[in-house]
Amino acid sequence: MLDGSKETIYALSTPAGRGGVAVIRVSGPAAVDCLTAFQVTSLPKPRVATRTVLRRKKDGVPVDDALILFFPGPNSFTGEDIIELHLHGGPAIIDAVQDILSACKGFRLAQPGEFTRRAFWNGKIDLVEAEGLVDLIEAETEAQRVQALRQLKGSLSALYEGWQKRLADQLALIELGLDFSDEGDVDEEDTGLDRDSMTGILHEMQAHLDDGRRGEIVRNGVRVAIIGAPNVGKSSLLNALARREAAIVSDIAGTTRDRVDIHLNLGGQAVIVTDTAGLRASEDVIEQEGIRRSLAAAAEADIVLVMGEYGEPDALPTPETHGGDPLVVWNKMDLSTGERPAGICISAKTGEGIPELEQELTTRVRSLALQSEAPVLTRARHREAITEATVRLEEVLQEKDSVLLAEHLRAAVAVLGRIIGKVDVEDLLDRIFRDFCIGK
Ligand SMILES: Nc1nc2c(ncn2[C@@H]2O[C@H](COP(=O)(O)OP(=O)(O)OP(=O)(O)O)[C@@H](O)[C@H]2O)c(=O)[nH]1
Ligand SMILES: [Mg+2]
């Protein structure tokens, strides 16, 4: 595993290709040495952008007219000395600068994520915040951005760390009791467990878990599956929503076999709409596989959009295929003059009713991914760990034996520590010796 290593790393931190500006970041113990390689003689003032001509040391040829920034460690992103070179964003300049850096002693190209990894090792951010940073960079919608920024700023870490601290304090007390019980000072019956406080934390964790997967939905996108009989116009609707020909449309029943996904931004939320194979009894093995995938898509979806043909109210798929509360849409309203059915009526062909459908979808998406002020679970990794912590806490609450109780509690503390990347026994020892003045 890489640690806050002795090597100095560099990498282009802006996207590859041409641009107005390209930033190359250098981090590590020898970061400032790179300036000599560019014939820069004076170290810029910390955190002040300094305009400098970079020259190739061996022949003095100018490479670029650049801005240099110096962030001395430990007050930098990685916790190490960082030099940022703000260059003109052309491939020849970037190549020339990287060539020079690669020749500097102890320098190498950074691996993916290595700057952030160093920030973690140097205690600048914890794992949950690092994940928040990745999510922030990846964010494509407003909701994803807001959620990721919150996570990066530590509100989720603070929640987990808060639980961990309260459990660790409790553990410290119980361990203290164990120490003294040998000397007969402590009542055998009394484990020292603060049941109210532990039950309180257990309930907080359960509420955090039971959030309708909001955080994960915002992060991963709301999944909408379009299902219905062949030829009702599912692929036509997908294309209308995507505003492009994403799926093949034809008047042959059974055109779509594979699932086709499109990504939308509805009211600031990421939405993935899946077109599926039309549902019918079929002898064709490929179509059967397509239908199996349609049903799987419906089962995985957060919203199932069931499509029928206007004027044929009996032709909807049976509820077994779409569960609870599907969004019923009747297509081809341009063809029929019959009585208007309940549900949303559209024509994927003329575009009629599509704005109303988008509005209804947006409303449903919003209510699923509703933003709350409280920090939310954003990843399966966190969900698994918190679930395990609740199991441990339940064991704690049932345990009568102090030694075993301490074991369960220690496991819960460790599980929470794993989420944020801090599993620290020293921390526990510090607490015991600081708060209780044993004096040994
Ligand atoms: N008049 C009219 N025709 C439509 C409308 N929507 C789709 N169609 C036509 O209906 C036929 C089937 O459309 P598709 O979008 O391929 O239907 P599908 O549900 O994806 O069909 P499968 O992939 O076979 O399950 C095509 O000929 C479309 O042009 C509509 O609103 N009005
Ligand atoms: Mg289709």
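Just so it is clear, the model here is predicted, and its values are computed rather than measured. (Residues numbered from 1 in each chain as written. Chains lettered and ligands numbered in written order. Predicted model: local features only at pLDDT ≥ 70, side-chain atom pairs only at ≥ 80, totals over all residues. Heavy atoms only, no water.)

(A) Focus on the overall build of the protein. The helix and strand tally for the protein stands at 14 helices and 12 strands. Along the longest, intermediate and shortest principal axes, the C-alpha atoms of the protein span 85 × 80 × 40 Å. The long-range share in the protein, meaning contacts at least 24 apart out of those at least 6 apart in sequence, stands at 62%. If you sum the accessible surface of the protein, you get close to 22400 Å²; carbon and sulfur atoms cover 53% of it. (Helix = DSSP H or I, 4+ residues; strand = E, 2+ residues; numbered from the N terminus. Contact = heavy atoms within 4.5 Å. Areas by Shrake-Rupley, 256 points an atom, 1.4 Å probe, with all protein chains shown as cover.)

(B) View of the domain arrangement of the protein. In terms of domain boundaries, the protein breaks down into domain 1 (8–121), domain 2 (155–212 + 376–436) and domain 3 (222–368). For domain 1 versus domain 3, the distance between C-alpha centres works out to 51 Å. (Domains from an automatic or database assignment.)

(C) Representation of the coordination of the magnesium ion (ligand 2) in the model. The protein atoms that coordinate the magnesium ion (ligand 2) are Ser235 (OG) and Thr256 (OG1), at distances of 2.0 Å. Residue Ser235 is found in helix 9 (residues 234–242), and its partner Thr256 is found in the loop between helix 9 and strand 8 (260–266); the two are separated by 21 residues along the sequence. Each member of the pair, Ser235 together with Thr256, is buried. (Donors = N, O, S within 2.8 Å, 3.2 Å for Na, K, Ca; no water. Buried < 20%, exposed > 50% of the residue type's maximum accessible area, 1.4 Å probe, protein only.)

(D) Here's a closer look at the pairing of strand 2 (residues 19–27). Summarising the sheet, strand 1 (residues 8–12) and strand 2 pair through four bridges and their orientation is antiparallel. The residue of strand 2 that forms the bridge with Ile9 is Ser27. Turn length for the strand 1-strand 2 hairpin, with the two strands adjacent in sequence and antiparallel, is six residues, and the turn residue Gly17 shows positive phi of about 110 degrees. Strand direction decides the pairing type here: strand 2 and strand 5 (residues 82–89), joined by eight bridges, are antiparallel. Its bridge partner being in strand 5, Arg25 is matched across the sheet by Glu84. (Pairing = 2+ DSSP bridges.)

(E) Fine view of the confidence of the model for the protein. On average, residues of the protein carry a pLDDT of 87, and 91% of them reach 70 or more. Throughout residues 431–440 the model reports pLDDT below 50, and contacts reaching past four residues in sequence, or to other chains, amount to 14 contacts. (pLDDT = per-residue confidence, 0-100.)

(F) Quick look at helix 13 (residues 402–420). Given a rise of 1.5 Å per residue, 19 residues ought to cover 27 Å, and the 27 Å separating the end C-alpha atoms of helix 13 matches this to within 8%. When helix 13 is considered as a whole, its buried residues turn out to be Ser402, Leu405, Ala406, His408, Leu409, Ala412, Val413, Val415, Leu416, Gly417, Ile419 and Ile420. A distance of 2.9 Å separates the backbone nitrogen of Val403 from a side-chain oxygen at the start of helix 13, and that oxygen is part of Asp401. In the stretch just after helix 13, Gly421 is the one whose phi turns positive, near 85 degrees. (Expected span 1.5 Å × (residues − 1). Polar contact = N/O pair within 3.5 Å; in protein donor to acceptor, adjacent residues only side chain to side chain.)

(G) Examining the packing of aromatic side chains more closely. One pass over the structure, following the stated rule, counts two aromatic pairs. Ring centres 5.6 Å apart and planes at 55 degrees place the aromatic pair Phe120 and Trp121 in the tilted group. Consider the rings of Tyr160 and Trp163, whose centres lie 5.9 Å apart with planes at 35 degrees: the pair is tilted. Of this pair, Tyr160 and Trp163 both sit in helix 6 (residues 155–181), three residues apart, roughly one helical turn. With respect to class, Tyr160 is no different from Trp163; both count as buried. A cation over an aromatic ring shows up here: Arg25 above the ring of Phe115, its NZ or CZ 4.6 Å from the ring centre. (Phe/Tyr/Trp six-rings, centres within 6.5 Å; stacked < 30°, edge-to-face > 60°. Lys NZ or Arg CZ within 6 Å of the ring centre and 35° of its normal.)

(H) Geometry of the site of ligand 1. Surrounding ligand 1, one finds 23 residues, the nearest of these being Lys234, Ser236, Gly254, Thr255 and Asp334. Here an oxygen atom of ligand 1 and a backbone polar atom of Val232 are 3.3 Å apart. For ligand 1, whose free accessible area comes to 650 Å², the fraction covered by protein is 91%. Ranked by residue count, the leading element in the shell around ligand 1 is helix 9, at three residues. Each residue belonging to the shell around ligand 1 can be placed in one class, and the counts come to seven nonpolar, 11 polar and five charged. (Near = heavy atom within 4 Å. Nonpolar A, V, L, I, M, F, W, Y, C, P; charged D, E, K, R; others polar.)

(I) Highlighting the sheet that holds strand 3 (residues 50–55). Strand order in the open sheet formed by six strands is 3-4-5-2-1-6, with mixed pairing between adjacent strands. Looking at the sheet topology across the chains shown, the edges are occupied by strand 3 and strand 6 (107–109). The average angle at which neighbouring strand axes cross in this sheet is 30 degrees, direction not considered. With three bridges joining them, strand 1 and strand 6 adopt parallel strand pairing. Note that in strand 6 the partner of Thr8 across the bridge is Phe107. Lying over the sheet, helix 3 (residues 114–121) contacts strand 1, strand 2 and strand 6, oriented at roughly 140 degrees with respect to strand 1. (Axes fitted to C-alpha atoms, helices over the stretch in contact; angles between N-to-C directions.)

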